[in-house]
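# Observations on chain architecture
As a plain string of letters, each chain reads:
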Amino acid sequence: MIVVYEASDILEAHIVAGMLRSRHLEVFVDGHYLHGGIGEMAPMGFARVYVAEEDFALAWKLVDDYRKAE
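Residues numbered from 1 in each chain as written. Predicted model: local features only at pLDDT ≥ 70, side-chain atom pairs only at ≥ 80, totals over all residues. Heavy atoms only, no water.

Moving on, we get to the pattern of salt bridges. Inspection of the entire model under this criterion finds three salt bridges. Salt-bridge contacts for E6 lead to R48; the nearest nitrogen and oxygen are separated by 3.6 Å. Separated by 42 residues along the polypeptide, E6 in strand β1 (residues 2–7) and R48 in strand β3 (residues 47–51) bring together distant segments of the chain. Residue E6 is classed as partly exposed on the basis of its relative accessible area of 48%. On the accessibility criterion, R48 (25% relative accessible area) is partly exposed. Measuring nitrogen to oxygen at the nearest pair gives 3.2 Å for the salt bridge that ties K68 to D64. Taken together, the residues K68 and D64, both in helix α3 (residues 56–69) and four residues apart, mark about one turn of the helix. Under the relative-accessibility criterion, K68 is labelled exposed at 63%. (Salt bridge = Lys/Arg side-chain N within 4 Å of Asp/Glu carboxyl O. Helix = DSSP H or I, 4+ residues; strand = E, 2+ residues; numbered from the N terminus. Buried < 20%, exposed > 50% of the residue type's maximum accessible area, 1.4 Å probe, protein only.)

Printed below as a string of structure tokens:
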């Protein structure tokens, strides 16, 4: 699997992952345990969204569209 998006927090990572899953892509979200390990401070840059290498091109386009819509 390859990183397609680095989210600002774990919630955003799951939003992006859900968007990709809705297109039937295999997705993995990493950073759950780092989020809790920091305590009450909001961790930044630890939540990553991974996709299968064969899905990377489509996932990258969808993530790019998501970024432009922000």
